[in-house]
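The chain contents come next:
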Amino acid sequence: MSKVELNETLRVISERHSVKKYETGVQMPEEDLQMILKAAGEAPSAWNLQHWKFLVIESEADKQKLLPIAYNQSQVAESCLTVAVLGDLEANRNTVIYDQAVEAGFLKADIRDALVGQINGAYQSPQVARDSAIRNASLAAQNIMLAAKSLGYDTCPMSGFNPEQLIEGFNIPDRYLPVMLITVGKAKEPAHPSGRLPLSETIVRGSF
Ligand SMILES: Cc1cc2nc3c(=O)[nH]c(=O)nc-3n(C[C@H](O)[C@H](O)[C@H](O)COP(=O)(O)O)c2cc1C
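What you are looking at is a predicted structure, and each value in this text was computed from that prediction instead of being measured.

So, about the nonpolar core. Residues Met28, Ile36, Ile182 and Val184 are the most contacted members of the largest nonpolar core, which totals 24 residues. Setting aside residues up to four positions removed in sequence, Ile182 forms contacts with Leu81, Thr82, Val83, Val85, Ala141, Ile144, Met145, Thr155, Cys156 and Pro157. Ile57, Ala84, Met158 and Leu181 belong to the second largest nonpolar core, which has 19 residues in total.

What follows is the structure in structure tokens.
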């Protein structure tokens, strides 16, 4: 057996593929959804600002509303649910996370204040806010896909949707930027085969 087959994490990573055909009428147990979303929130994030919000689209009516927004890609209607991963454009407001650390004695108050100042300074730039929202929410998205796979579900990440219509249809506040949709469900058909570039073409050792 190869190391990939023996190692659960590497196996889940290599077995995750984008599934587009799902068994319909499957209800995901709440416990599974909670485990998947907890794993999502365990992703790392810059300054630990946790630049994400997960909008779970699961009722039949909401799936039908999402279908045309996702350009009629049938996986949003047929899977158990779709998680709209949203990036937080005002993640500098999440510095409240440091207050807990100060109260618990892990962080000095003056260091917290200096960090909050730095963060608010960086967030003066809309580009920093947007890049950070996308970068950090994408890490949470990958956790969703891997956690779902390890629990016996398949997923499909999707940027094929109309973000303005998603925002309007699901009352998403200005604070949040739609980053991607992820369908989660039980596969009816395996993913289309997808190749990868050879490692030799994607790796640069040392310097260009
Ligand atoms: C950001 C992103 C957007 C994607 N958007 C779509 C999409 O709208 N519809 C779709 O069917 N697949 C979509 N995919 C899936 C890709 O086509 C797929 O990940 C790629 O072909 C590699 O295949 P694999 O995921 O099965 O390994 C998207 C993937 C990513 C990462």
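So, next bit.
One key point about sheets: their strands pair by backbone hydrogen bonds, in either a parallel or an antiparallel sense. Here 4 strands make up an open sheet; going across it, the order is S1-S2-S4-S3 and the pairing antiparallel. Where the open sheet ends on each side, the last strands, each with one partner, are strand S1 (52-57) and strand S3 (154-158). Sheet twist, expressed as the average angle between the axes of neighbouring strands with direction ignored, equals 25°. Relative to the sheet, helix H3 (residues 30-41) contacts S1, strand S2 (81-88) and strand S4 (176-185), its axis offset from that of S1 by approximately 160°. Contacting S1, S2, S3 and S4, helix H8 (residues 126-150) runs over the sheet at an angle of about 10° to S4.

Here we come to the site of the ligand. The environment of the ligand is formed by 13 residues, the closest being His17, Ser18, Gln73, Gly160 and Arg196. One nitrogen or oxygen atom from the side chain of Arg16 is found 3.0 Å from an oxygen atom belonging to the ligand. Compared with its free state, where it exposes 610 Å², the ligand has 65% of that area covered by protein. Here the element with the most residues in the shell around the ligand is S3; it accounts for 3 residues.

This part takes up the packing of H3 against H8. Running from amino to carboxyl end, H3 crosses H8 at an angle of 145°, the nearest separation of the two axes being 7 Å. For the pair H3 and H8, the sense of crossing is right-handed. Of H8, the residues touching H3 (which contributes Ile36, Ala39 and Ala40) are Ala140, Asn143, Ile144, Ala147 and Ala148. The residue inventory of the contact of H3 with H8, partitioned by class, reads 7 nonpolar, 1 polar and no charged.

Cross-referencing UniProt, the feature "domain: Nitroreductase" (unreviewed entry) maps to residues 13-186 in the present numbering. From the first C-alpha to the last, residues 13-186 spans 17 Å; its make-up is 48% helix and 17% strand.

Their axes nearest at 9 Å, the elements helix H2 (residues 8-15) and H8 cross at an angle of 105°. Accordingly, the angle class assigned to the pair H2 and H8 is roughly perpendicular. Contact residues: H2 offers Val12, Ile13 and Glu15, while H8 offers Leu146, Lys149 and Ser150. Residues that form the contact of H2 with H8 fall into these classes: 3 nonpolar, 1 polar and 2 charged.

The rules behind these values
Residues numbered from 1 in each chain as written. Predicted model: local features only at pLDDT ≥ 70, side-chain atom pairs only at ≥ 80, totals over all residues. Heavy atoms only, no water. Core = buried A, V, L, I, M, F, W, Y, C linked by side-chain atoms within 4.5 Å. Buried < 20%, exposed > 50% of the residue type's maximum accessible area, 1.4 Å probe, protein only. Contact = heavy atoms within 4.5 Å. Pairing = 2+ DSSP bridges. Helix = DSSP H or I, 4+ residues; strand = E, 2+ residues; numbered from the N terminus. Axes fitted to C-alpha atoms, helices over the stretch in contact; angles between N-to-C directions. Near = heavy atom within 4 Å. Polar contact = N/O pair within 3.5 Å; in protein donor to acceptor, adjacent residues only side chain to side chain. Areas by Shrake-Rupley, 256 points an atom, 1.4 Å probe, with all protein chains shown as cover. Left-handed = near helix turned anticlockwise from the far one by under 90°. Nonpolar A, V, L, I, M, F, W, Y, C, P; charged D, E, K, R; others polar. UniProt positions renumbered as here; feature names shortened; annotations may be inferred. Parallel < 35°, antiparallel > 145°, perpendicular 65-115°, else oblique.

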